[in-house]
Amino acid sequence: MALAPEKEIASAGVSALDDPNHGALEPRPTGTRARSVDGVNAKLVMLMVDLIAVMAALWLSVQLNARFNPGDPTAPETYFALLMATLPVWPIAFTGQALYKARFITRGVDEGWRTIKAIMLSIVSVGIASIALGVPIDRGWYGLAIPTMLAVVGAERVVARVWFRRSRRSGKLLRRVLIVGKNAEGWLMKEMLDADRSLGYDVVGFVEDYFEADGVPSQTQSLRDTDRTLETVKRLECGGVVIAATAMDVGISNRLIRTLTDNDVHVELSSTLCDIASDRLTIRPLGRFPMVYIEPVRRHGWRAKAKQAFDLTVATGLLVAFLPLLAVVVLAIKLTSRGPVFFAQERVGRDGKLFKVLKFRTMVDNAEDLLDEVRHLNEANGPLFKIKDDPRITGPGRILRKSSIDELPQLINVLRGEMSMVGPRPALPSEREQWDPSLHNRLRVKPGITGMWQVNGRSNAEGGDYGQLDLYYVDNWTLVTDLLIMLRTIPAVLFQRGAH
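What counts and how
Residue numbers here run from 1 along each chain, matching the order of that chain's written sequence. The predicted origin of the model limits local features to residues at a pLDDT of at least 70 and limits the giving and counting of side-chain atom pairs to 80 or more, whereas totals for whole chains, interfaces and linings rest on all residues. Only heavy atoms go into the side-chain values, all of them from the structure, while hydrogens and water stay out. Fitted lines through C-alpha atoms serve as axes, helices being fitted only where they are in contact, and the angles separating the N-to-C directions of these axes extend from 0 to 180 degrees. Per the convention used, a helix needs a DSSP run of H or I reaching at least four residues, while a strand needs a run of E reaching at least two, with both numbered from the N terminus. Crossing handedness is read from the near helix: turned anticlockwise from the far helix by less than a right angle, it gives a left-handed crossing, and turned clockwise, a right-handed one. The contact criterion used is simple: two residues touch if any of their non-hydrogen atoms lie within 4.5 Å. Residues are sorted three ways: Asp, Glu, Lys and Arg are charged, Ala, Val, Leu, Ile, Met, Phe, Trp, Tyr, Cys and Pro are nonpolar, and all the rest, Gly among them, are polar. Geometry of aromatic contacts follows a simple scheme: Phe, Tyr and Trp rings, the Trp one being its six-membered ring, pair when their centres are within 6.5 Å, and the pair is stacked under 30 degrees between planes, edge-to-face over 60, tilted otherwise. Relative accessible area decides the class of each residue, using a 1.4 Å probe on protein chains only: under 20% of the type maximum gives buried, over 50% gives exposed, and in between gives partly exposed. The criterion for a charge sitting over a ring is simple: Lys NZ or Arg CZ within 6 Å of the ring centre, and within 35 degrees of the ring normal. Here, a salt bridge means any side-chain nitrogen of Lys or Arg that lies within 4 Å of a carboxyl oxygen of Asp or Glu. In this analysis, a patch consists of residues with relative accessible area above 30% that form no salt bridge, clustered at 9 Å for like charges and at 5 Å for the nonpolar side chains Val, Leu, Ile, Met, Phe, Trp and Tyr. In these tables, accessible area is a Shrake-Rupley quantity obtained with a 1.4 Å probe, and a residue counts as shielded only by the protein chains included in the view. A 1.4 Å probe that fits but cannot get out identifies a cavity on a 1 Å grid over protein atoms alone, an open set with protein on both sides within 12 Å along at least five of seven lines counts as a pocket, and a residue lines either if it has an atom within 4 Å of a point. Grid points are joined across faces, edges and corners, and a volume is the space filled by probe spheres set on the points. We call a set of buried residues a nonpolar core when its members are Ala, Val, Leu, Ile, Met, Phe, Trp, Tyr or Cys and they connect through side-chain atoms within 4.5 Å of each other.

Participant: I'm lost on the packing of helix H3 (residues 89-96) against helix H4 (residues 108-133) in this one. Help?
Facilitator: Each pair of packed helices gets described by two things: the angle between the helix axes and the distance between those axes. Contact geometry of H3 with H4 gives a least axis separation of 9 Å together with a crossing angle of 145°. Handedness of the crossing formed by H3 with H4: right-handed. Along the contact surface, H3 presents Val89, Trp90, Ala93 and Phe94, while H4 presents Ala118, Ile119, Ser122, Ile123 and Ser125. Tallied by class, residues from the contact of H3 with H4 come to seven nonpolar, two polar and no charged.

Structural data, given as structure tokens:
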């Protein structure tokens, strides 16, 4: 392997990589030793915080047991003594479940399951200790301790995850990595890691595959360049390597991975897949090859009926709950401007079928006639049309938009079967004419009142971004996904993220 064209700065020990199409990677100061110490310290702090949360939860469980289980003959002091005696088991259980290794808890769901298993193992150890020491524990305590532990430690872990993300976004606790493969996949990974620092990576450069003039890899050269890659990793003080699998021959990648892992370098190899949910992937052996099986998306049968039932139930419940608010909104619109209460606009539904989406009117009655006068104020890219301070918006309309109350009439669209509670953004016919061919796949499902585009920034999403979010939703849909999006919509609306 060979390092991509670079300008060496020997005194600083850094590398600046130039590319005619993508610009240059700016030189970044080394300091992996300091960052490694920070990483170790962060894990130790996390361990201590976990222990504090465990002790707090155990103390609370004893207090609750004394209050709600007065028939327990065991004194609270005895519980405390037993629990403190078994306290060393808790960090062992947490460590055994890999709760201090980022690669095992990338997703919150994974961290949650591992936390539950660690807590249950520790609770079992408390039971074993009580039997061994002859200290009886009432069953009522277990009934209180388990949910208390899950609530307290679970909340502590959520707060810790938020803190880690914020620290990484500010440039702390990042792992310096080289990307092996300066092709389209390699650049895509770099752009993603640079855009989302919360993932925890600091890309310092590229390594690209070496090919002879006739396009055939030279085995001698590849072996030598594999060693050079290791030397580069050490010289730039990188903590790991990310390999774009599409950039090299399988033999070269195997040699490179063997060389790096034998020298304690963290290696991550892409699956060559993009925008496929990781929970759809299963690694299984097929002879000497570890194969990735991709679970198909099932949108029919009982799942489709369950989604329809969910839509009808939630839409009906929300309409009934918001009836007083809807009456106030209707009155405010009628008293402050001329025109109808509702605004109906043609949108593209499932399978390309057109329908009228309903909203509360938030603009002056002749807003469509004034469109050409404000078109130059458009702040969105692609087919979207968005103006943060649109002069056509009425006073009440600005409040309705900011709070997303203007979209409540779409619940009627859901009851009509034209929309779903969760789905792709309902697009205008004019937008469809400008779509990339792949975007037409988003028409395989009903559009939604909320969706990934809403919980990921709403109006802040650029034209291409919302399309990719919609495709990701369609390609990876599950009932659980709908539920999670609904839950994430609540803070997105309350904190008015991206709404205007």
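After presenting the structure, the write-up continues.
Participant: Looking at this structure, how should I read the packing of aromatic side chains?
Facilitator: Aromatic ring pairs are reported here in terms of the distance separating the ring centres and the angle at which the planes meet. Scanning the model with the defined rule gives five aromatic pairs in all. Between the aromatic rings of Phe342 and Phe360, the centroid separation amounts to 5.4 Å while the plane-to-plane angle is 15°, which identifies the pairing as stacked. Linking Phe342 in strand E11 (residues 342-348) with Phe360 in strand E12 (residues 354-360), this pair joins segments that are 18 residues apart in sequence. Overall, the relative accessible area of 40% leaves Phe342 in the partly exposed class. One aromatic cluster is present, built from ring pairs that chain together Tyr79, Trp141 and Tyr142. Directly above the ring of Phe68 sits Arg67, whose terminal nitrogen or CZ lies 5.7 Å from the centroid.

Participant: Hey, could you run me through the pattern of salt bridges in this one?
Facilitator: Pairing between side chains of opposite charge can happen when their charged atoms approach one another. Inspection of the entire model under this criterion finds 12 salt bridges. A salt bridge links Asp475 to Arg444, with the shortest nitrogen-to-oxygen separation between them at 2.8 Å. Residue Asp475 is located in helix H16 (residues 463-475), and its partner Arg444 is located in the loop between helix H14 (429-432) and strand E14 (448-450); the two are separated by 31 residues in the primary sequence. You can call Arg444 partly exposed: its relative accessible area is 32%. Connected through shared salt-bridge partners, Asp50, Glu111, Arg157 and Arg161 make up one network.

Participant: Even after reading the chapter, I still don't get a nonpolar patch on the surface, so can you show me in this structure?
Facilitator: On the surface, Val480, Leu483, Leu484, Leu487, Ile490, Leu494 and Phe495 cluster together to form a nonpolar patch covering roughly 740 Å² of accessible area. Of note, Val480 is situated in helix H17 (residues 479-494). By relative accessible area, Val480 is classed as exposed at 53%.

Participant: Just to check I follow, could you spell out empty space enclosed by the protein for this structure?
Facilitator: One way to see where empty space is left: roll a probe the size of a water molecule over the atoms. Applying the stated rule across the entire model yields two cavities of 30 Å³ or more. Approximately 50 Å³ is the volume found for the largest cavity. Around the largest cavity, the lining residues are Val348, Gly349, Pro424, Arg425, Pro426, Ala427, Trp435, Arg442, Leu443, Val445 and Pro447. Approximately 30 Å³ is the volume found for the second largest cavity. Forming the walls of the second largest cavity are Ile333, Thr336, Ser337, Arg361, Thr394, Pro396, Gly397 and Leu400. Elements with a contribution of two residues or more to the lining of the second largest cavity: helix H10 (323-336) and helix H12 (395-403). Considering every element that reaches the lining of the second largest cavity, the biggest residue donor is H12, with three residues.

Participant: How should the nonpolar core be read in this particular structure?
Facilitator: The nonpolar side chains of a soluble globular protein tend to be buried, and buried together. Counting 29 residues, the largest nonpolar core has Val54, Leu58, Trp90, Phe94, Trp141 and Met149 as its most contacted members. Breaking this core down by element, the ones donating at least two residues are helix H1 (32-68), helix H2 (76-85), H3, H4 and helix H5 (139-169). The element contributing the most residues to this core is H1, with seven residues. Leave out the neighbours within four places in its chain, and Leu58 touches Leu83, Leu87, Trp90, Trp141 and Met149.

Participant: I would appreciate a short explanation of unusual backbone geometry in the present structure.
Facilitator: Trans peptide bonds make up most of the peptide bonds, and negative phi angles are found at most residues other than glycine. Of note in the backbone geometry, Asp275 takes a positive phi value of approximately 65° without being a glycine. When you line up the elements, Asp275 lands in the loop between strand E8 (266-269) and strand E9 (281-286). Located in the positive-phi region is Asp351, a residue other than glycine, with phi close to 60°. Assignment of secondary structure puts Asp351 in the loop between E11 and E12. Judged by relative accessible area, which is 65%, Asp351 ranks as exposed.

Geometry only, nothing functional implied.
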